[in-house]
Amino acid sequence: MLKTMYDKIWGHHVVEDRGNGMALLYIDRHLVHEVTSPQAFDGLRAAGRKIHRPDSIIAVPDHNVPTKDRHLPNPDPMSTAQLTALEANVKEFGLEYIPMDDVRQGIVHVVGPEQGFTQPGVTLVCGDSHTSTHGAFGALAFGIGTSEVEHVLATQTLQLKKSKNMRVSVTGILSKGCTAKDVALAIIGAIGTGGGTAHVIEFAGPVIEALTMEGRMTLCNMSIEAGARAGLVAPDAKTFEYVKGRPYAPKGGQWDAAVAYWASLSSDDGAMFDKEIVIYGSEIAPQVTWGTSPEDVVPITGYVPQIKSFADPAKQEAVEKALAYMGLAEGQAMTDVKVDRVFIGSCTNSRIEDIREVAEVVKGRKVASSIIEALVVPGSGLVKYQAEEEGLDQILVEAGFEWREPGCSMCLAMNPDKAGAGEHVASTSNRNFVGRQGPGARTHLVSPAMAAAAAIAGHFVDVRDL
Amino acid sequence: MEKFIKVSSIATPFPRVNIDTDIIIPAKHLKSIKRTGFGEHAFETIRFTAEGARIEDNIFDGEKYKGAKILITGDNFGCGSSREHAPWAIAELGFRCIIAPSFADIFAGNCVKNNILTVELPQEQVDALVIAAEAGHQIHIDLNEQTVCCENAFYEFEYNPTHKEMLLGGLDEVGQTLQSGAAISAYEDKTKMMTPWLYRG
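Just so it is clear, the model here is predicted, and its values are computed rather than measured. (Residues numbered from 1 in each chain as written. Chains lettered and ligands numbered in written order. Predicted model: local features only at pLDDT ≥ 70, side-chain atom pairs only at ≥ 80, totals over all residues. Heavy atoms only, no water.)

1. Considerations on the pattern of salt bridges
Basically, it comes down to this: Put simply, a salt bridge is a Lys or Arg side-chain nitrogen that is within 4 Å of an Asp or Glu carboxyl oxygen. Helix and strand definitions follow DSSP, with helices as H or I runs of at least four residues and strands as E runs of at least two, each counted in order from the N terminus. Accessibility here uses a 1.4 Å probe with only protein chains present; expressed as a share of the type maximum, an area under 20% marks a residue as buried, one over 50% as exposed, and anything in between as partly exposed.
One pass over the structure, following the stated rule, counts 35 salt bridges over all chains. Notably, a salt bridge pairs Arg 216 of chain A with Asp 236 of chain A, separated by 2.7 Å at the nearest N-O pair. In this pair, Arg 216 of chain A is assigned in helix H8 (residues 213-221) and Asp 236 of chain A in the loop between strand E11 (230-233) and helix H9 (237-243), connecting sequence segments 20 residues apart. By relative accessible area, which is 23% here, Asp 236 of chain A ends up partly exposed. A salt bridge links Asp 142 of chain B to Lys 6 of chain B; the shortest N-O distance between them is 3.8 Å. Remark: Lys 6 of chain B occurs in strand E1 (residues 6-9) and Asp 142 of chain B occurs in strand E6 (residues 139-142); sequence separation between them is 136 residues. By relative accessible area, Asp 142 of chain B is classed as buried at 13%.

Dropping the structure here:
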């Protein structure tokens, strides 16, 4: 029987088939951070249980960490309590831990791939929905809740129902100025935030093959915004090249065996998908969101839609609420939307390629004087180091950006980096939900290049016109 | 865990689409290292003004739906984050069952672990239940029979049999899986040969 990549990886990890699509599935890799783990460790302690395989875990703090003045005490005692709890838990249970002052520290979804911990064909989980990022390597990677974190710690497995297969093919080539982020937003705009619910999406086609590993990570990162359980890209020579030589990568004779195994994981020609979508890559323009759901997106050449243009009354009501929250009017040109704050970072767009893209746009230019704050937050200490080696930090600072320490930062307002009420934020993160970047903050999701261009212009602008 | 069999109560109608986990519980409130205390911040932007004052007669705190154990809501409920704080917060508001046309996958999974039943019904049936809830009618949900009854309406729903068994039995999932210890060991012995690079030390 012909199989999809998802069928194959799933099949390789079934410990017990329980019928009706249910299985006890083995988990190879587990990333742990400070926010969703303390209650799981407490659960283990309360039941007197051990961690089944400490060697399958890396723990790193990211959500709560401040991105500046780290030598000072953390201003938030609740954040400190979570960070301290993680430290105590990794010590008690003997786990690999990357502390805040380590150059490898960063956002879990940047750290995993950098360490070679993320590999094709593995099952990888984390108590964070953007675990879908790791699907860029052909890993079956998905976010789990805290009870499941505890379950994986104790048993190395999860009781799961197999999702359906969906393929999103992106044909043609991307036009200049368009990036993986624009592809991700265009797909979500086309299929909606529930479009991938109950499915695992395999991204395929010439545009996906042409993406770098960083680009594929950006795309798979946002599969959760399309509602999918996970995203997948078939591993290829680029994938193997990226993994090779990293600390957790297979070494010596095991390398060739691993590559042979990884190369066998791609979907069989003619394998059936429950749902197929085709997107024309050459028609994708730089994207920007106008509402409070990632599906509320238009090309930068577009306009805020008319409420009546939506058929569903419930969606009409949601759009009306969204426009009121965002302070936007029907029919307003996206290029007329003023920007108050700029955030470049998050597990979606904080890798070296993203920083290079921003530097290229802002080199020799200045951040508009109307911008309150423009942050660039590298995804890890290693990204920061690499960017500084290339002199990118200098370019950014000269243009008027702040160059910060790695962490989740302004993606989710859990740490000191927040946007104020009513402020429009050009953000490279993944969610434009109400209050996500701070109470009343108005998030517009864009690519790093588009965020950089908005910083210079003081309003949204087509990066292709700069 | 307490067994889940039936719920009968009035219901809170909240027919909005794409309710995300940041609406259910904003990230700034995820800093507790306990499983409790999230209810007071649940649906914060709907229950409180930006200054923190309670909004009069909001559907979650008003007299009309006081004591409701059932929440009726819109498509794609619980989209966004994997935070289990979302079902923890909802449970603390007193809800034991959520009815919607569809749920985000991770959220629905998290509900099972917290003894909350998610019932998927077609949009027109959800619409009818919203009207019944607004009229203050009792809604009766029977997990064993997989039925929802209200006034003259009677609906059946699909539910994952494994999750049903867990809710009906009030099972400890970790304890249950540990009984498969031999199968897990056998799997590891096999994969240590096939993919040895995934094992360290």
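Following the structure, the description resumes.
2. What to know about the nonpolar core
Soluble globular proteins tend to bury their nonpolar side chains together. Definition in use: Here, the term nonpolar core denotes a set of buried Ala, Val, Leu, Ile, Met, Phe, Trp, Tyr and Cys residues that are joined through side-chain atoms within 4.5 Å. Contact criterion: two residues are considered in contact whenever any of their non-hydrogen atoms come within 4.5 Å of each other.
Counting 95 residues, the largest nonpolar core has Val 168, Val 170, Ile 187, Phe 203 and Trp 262 of chain A as the members making the most contacts within it. What Phe 203 of chain A contacts, discounting residues up to four positions off in sequence, is Val 168, Ile 187, Ile 208, Leu 219, Cys 220, Ser 223, Gly 231, Leu 232 and Val 233 of chain A. In this structure, Val 298, Ala 368 and Cys 408 of chain A together with Cys 111 of chain B belong to the second largest nonpolar core, which totals 85 residues.

3. Here we look at the packing of helix H2 (residues 38-47) of chain A against helix H3 (residues 77-93) of chain A
The description of two packed helices rests on the angle between their axes and on the distance between the axes. All names here are of chain A. Just so we agree on the cut-off: Only the contacting stretch of a helix is used when fitting its axis, a line to C-alpha atoms as for every element, and angles between N-to-C directions run 0 to 180 degrees. Should an angle lie under 35 degrees it is considered roughly parallel, over 145 roughly antiparallel, and from 65 to 115 roughly perpendicular; all remaining angles are considered oblique. For any pair of crossing helices, the crossing counts as left-handed if the nearer helix is rotated counterclockwise from the farther one by less than a right angle, and right-handed if it is rotated clockwise. Side-chain classes are defined by residue name, with Ala, Val, Leu, Ile, Met, Phe, Trp, Tyr, Cys and Pro counting as nonpolar, Asp, Glu, Lys and Arg as charged, and the others, Gly among them, as polar.
Viewed as axis vectors pointing N to C, H2 and H3 meet at an angle of 40°, and their least axial separation amounts to 10 Å. In this view, H2 runs oblique relative to H3, as classed from their interaxial angle. In the packing of H2 onto H3, the handedness of the crossing is left-handed. Where H2 abuts H3, its residues Pro 38, Phe 41, Leu 44 and Arg 45 lie against Asn 89, Glu 92 and Phe 93. Looking at the contact of H2 with H3, its residues break down into four nonpolar, one polar and two charged.

4. Things to note about H8 of chain A
Buried residues dominate H8 of chain A, accounting for nine of its nine residues. Listing the buried residues of H8 of chain A in full gives Met 213, Glu 214, Gly 215, Arg 216, Met 217, Thr 218, Leu 219, Cys 220 and Asn 221 of chain A.

5. Some remarks on the sheet that holds strand E10 (residues 199-204) of chain A
Residues and elements named next belong to chain A. For clarity, the cut-off: Strand pairing follows a simple DSSP-based rule, namely that at least 2 bridges must link the two strands.
Taken together, four strands build an open sheet; the order of strands is E11-E10-E9-E12 and the sheet is parallel. Two strands lie at the open edges of the sheet, namely E11 and strand E12 (275-280), each paired on one side alone. Taken pair by pair, the neighbouring strands of this sheet meet at an average axis angle of 20°, ignoring direction. Where H8 meets the sheet, it contacts E10 and E11, and its direction lies at approximately 155° from that of E11.

6. A closer look at the sheet that holds strand E3 (residues 70-73) of chain B
All names here are of chain B. Spatial strand order, E2-E3-E4-E5: four strands in an open sheet with parallel pairing. Lying at the two open borders of the sheet, with one neighbouring strand each, are strand E2 (11-14) and strand E5 (117-120). Strand-to-strand twist in this sheet, taken as the mean axis angle between neighbours without regard to direction, amounts to 20°. As judged from the four bridges shared by E2 and E3, these two strands associate in the parallel manner. Across the sheet, residue Thr 12 finds its bridge partner in E3, namely Leu 71.

7. Re the domain arrangement of chain B
Defined as follows: As annotated, the domain borders come from an automatic or database domain assignment.
When its domains are assigned, chain B resolves into domain 1 (6-170) and domain 2 (173-201). Taking only C-alpha atoms, the centre of domain 1 of chain B and the centre of domain 2 of chain B are 36 Å apart.

8. Remarks on the packing of aromatic side chains
Under the convention used in this document: Ring pairs are drawn from Phe, Tyr and Trp, using the six-membered ring of Trp, whenever the two centres fall within 6.5 Å, and their geometry is named by plane angle: stacked under 30 degrees, edge-to-face over 60, tilted for the rest. The criterion for a charge sitting over a ring is simple: Lys NZ or Arg CZ within 6 Å of the ring centre, and within 35 degrees of the ring normal.
Throughout the structure, instances matching the rule amount to 16 aromatic pairs over all chains. For the pair Phe 240 of chain A and Trp 262 of chain A, a centre-to-centre distance of 5.9 Å together with 35° between the ring planes defines the contact as tilted. Here the residue Phe 240 of chain A occupies a position in helix H9, and Trp 262 of chain A occupies one in helix H10 (residues 253-263), the gap between them amounting to 22 residues. Relative to Phe 60 of chain B, the ring of Phe 43 of chain B lies with its centre 4.2 Å away and its plane at 10°, an arrangement referred to as stacked. Of this pair, Phe 43 of chain B sits in the loop between helix H1 (21-24) and helix H2 (44-47) while Phe 60 of chain B sits in the loop between H2 and E3; the two residues are 17 residues apart in sequence, bridging distant segments of the chain. For the pair shown, Phe 43 of chain B and Phe 60 of chain B are each scored as buried. For Arg 29 of chain A, the ring lying beneath its charged end belongs to Phe 117 of chain A, and the centroid distance is 4.7 Å.

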